[in-house]
Protein chains: 2
Amino acid sequence: MILTKTTEYAVRVLIFMAHEERGLFTARYVHERLRIPYKYLTRIMTDLAKQGYLESIRGRAGGFRFQKNLNKITLIKIIEAVEATDGFDKCILGLEDCSDENPCALHFVWEKTKKEFMKNLSNTTLADLVSIEIKKF
Amino acid sequence: MILTKTTEYAVRVLIFMAHEERGLFTARYVHERLRIPYKYLTRIMTDLAKQGYLESIRGRAGGFRFQKNLNKITLIKIIEAVEATDGFDKCILGLEDCSDENPCALHFVWEKTKKEFMKNLSNTTLADLVSIEIKKF
DNA sequence: CATAAATACTACACAAAAGTAGTATTTTTA
DNA sequence: TAAAAATACTACTTTTGTGTAGTATTTATG
């Protein structure tokens, strides 16, 4: 597994919200559109609000909307905000002190892949993803 | 997390065995050298034997040795044999039917990197890893 | 033949991620 | 002002990966 379910959900939610013109998104609406378990979803969205990515409005006419500008939110930031572990920045064989100087057997194979992927995640903002056509969330 | 612990262990064991000239490897010996929990390790090695990667010899002078030629065992095969899930070859957002024709938002961000990585894993055999110096297992 | 030491098997324990349930709080609206 | 509908919070349950324990089976060796 590359990302945890929680991270998958968080990324999907934010990309979905970035694509749809809408003042406020309730968790129920996002749940219905993305089929993410409702209660679990509310926790994730509340969490994203606490982390400063979303703004939450309470009460009957409440919901969520972006707090930051879309071009300020990179994919890597989202992942880091939600992912429990360090994600990618570990040795792929789980060894301590794995580095270029003291590499494990798979170090260089993985390092190249990891760097390239993380560069992509760092350079891609939600604003970038809005401009491309997406059919599935 | 990229690989499960189980897969990490399996890969480490096989790479270790490939590097050391030795007729037979007992689980106890591998445990002492690699510090992988003994009981867990025996399960993994027994499993690798069932999958045809290792041959197991029972009884007092028993142990494990390779069943196939080292240049026939690619890293991708090992991972696929042990990893519960499909490993890398899934949609990074967990969506069904994600493909070049019907891509998710992150499909092309991840796909190119993934393909390259999987190509490396497919082209690298245990025999290849024997020829490089490895200090840690 | 009995013991030792290895693999093989089964069941259970633990921890973390994922998901569910219920309640509290806030705010709109009839 | 009371009900409705939203977020916020807390606790529990389920699932899965990881790890532990004990026993059965096999085989070499004294």
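Look up a bit, the structure's there.
Below you will find a few notes about this structure. (Residues numbered from 1 in each chain as written. Chains lettered and ligands numbered in written order. Predicted model: local features only at pLDDT ≥ 70, side-chain atom pairs only at ≥ 80, totals over all residues. Heavy atoms only, no water.)

## Brief notes about helix H5 (residues 107-123) of chain B
In plain terms, the rule: Strands here are runs of E lasting at least two residues and helices are runs of H or I lasting at least four, both read from the DSSP assignment and numbered beginning at the N terminus. Expected helix span is taken as 1.5 Å per residue step, with the number of steps being one fewer than the number of residues. Contacts are assigned to residue pairs with any non-hydrogen atoms lying within 4.5 Å of each other.
If you check H5 of chain B, its first and last C-alpha atoms are 23 Å apart, about what 17 residues at 1.5 Å a residue would give, namely 24 Å. Among the structural elements, helix H5 (107-123) of chain A together with helix H4 (75-82) of chain B are those in contact with the buried residues of H5 of chain B.

## Remarks on the protein's contact with DNA strand C
As a reminder of what qualifies: For this description, a residue counts as near a given molecule or strand if any of its non-hydrogen atoms is within 4 Å of it. Two N or O atoms count as a polar contact when they lie within 3.5 Å, although within protein this holds only if one can serve as hydrogen donor and the other as acceptor, and sequence-adjacent residues are included solely when both atoms are side-chain atoms. Classification used: nonpolar for Ala, Val, Leu, Ile, Met, Phe, Trp, Tyr, Cys and Pro, charged for Asp, Glu, Lys and Arg, polar for all others including Gly.
Around DNA strand C, the structure places 28 residues, and the nearest of them are Lys5, Thr6 and Lys39 of chain A together with Thr46 and Ser56 of chain B. Alanine 27 of chain B is positioned with one of its backbone polar atoms (N or O) 2.9 Å from a phosphate oxygen of DNA strand C. Those elements that place two or more of their residues in the surface near DNA strand C are helix H1 (5-19) and helix H3 (38-50) of chain A together with helix H3 (38-50), strand E1 (54-57) and strand E2 (63-66) of chain B. Looking at side-chain class alone, the surface near DNA strand C contains nine nonpolar, nine polar and 10 charged residues.

## Description of the pairing of E1 of chain B
Remember that side chains alternate between the two faces of the sheet whenever the strand is regular. Selection rule: Should DSSP find at least two bridges between two strands, the strands are taken to pair.
Sheet analysis places E1 of chain B next to E2 of chain B, joined by four bridges and oriented antiparallel. Following the sheet pairing, isoleucine 57 of chain B is matched in E2 of chain B by glycine 63 of chain B.

## What about the protein's contact with DNA strand D?
The environment of DNA strand D is made up of 28 residues, and the closest members are Thr46 and Ser56 of chain A together with Lys5, Thr6 and Lys39 of chain B. Expressed as a percentage, the sugar and phosphate content of the atoms of DNA strand D within 4 Å of the protein is 62%. Arginine 43 of chain B is positioned such that a nitrogen or oxygen atom in its side chain is 3.2 Å from a base oxygen of DNA strand D. Arginine 60 of chain B has a polar backbone atom sitting 3.2 Å from a base oxygen of DNA strand D. Counting residues per element, the ones that place at least two in the surface near DNA strand D are H3, strand E1 (54-57) and strand E2 (63-66) of chain A together with helix H1 (5-19) and H3 of chain B. Per element, the largest residue contribution to the surface near DNA strand D is five residues, and it comes from H3 of chain A. Looking at the surface near DNA strand D, its residues break down into nine nonpolar, nine polar and 10 charged.

By themselves, these are just geometric observations and shouldn't be taken as functional.
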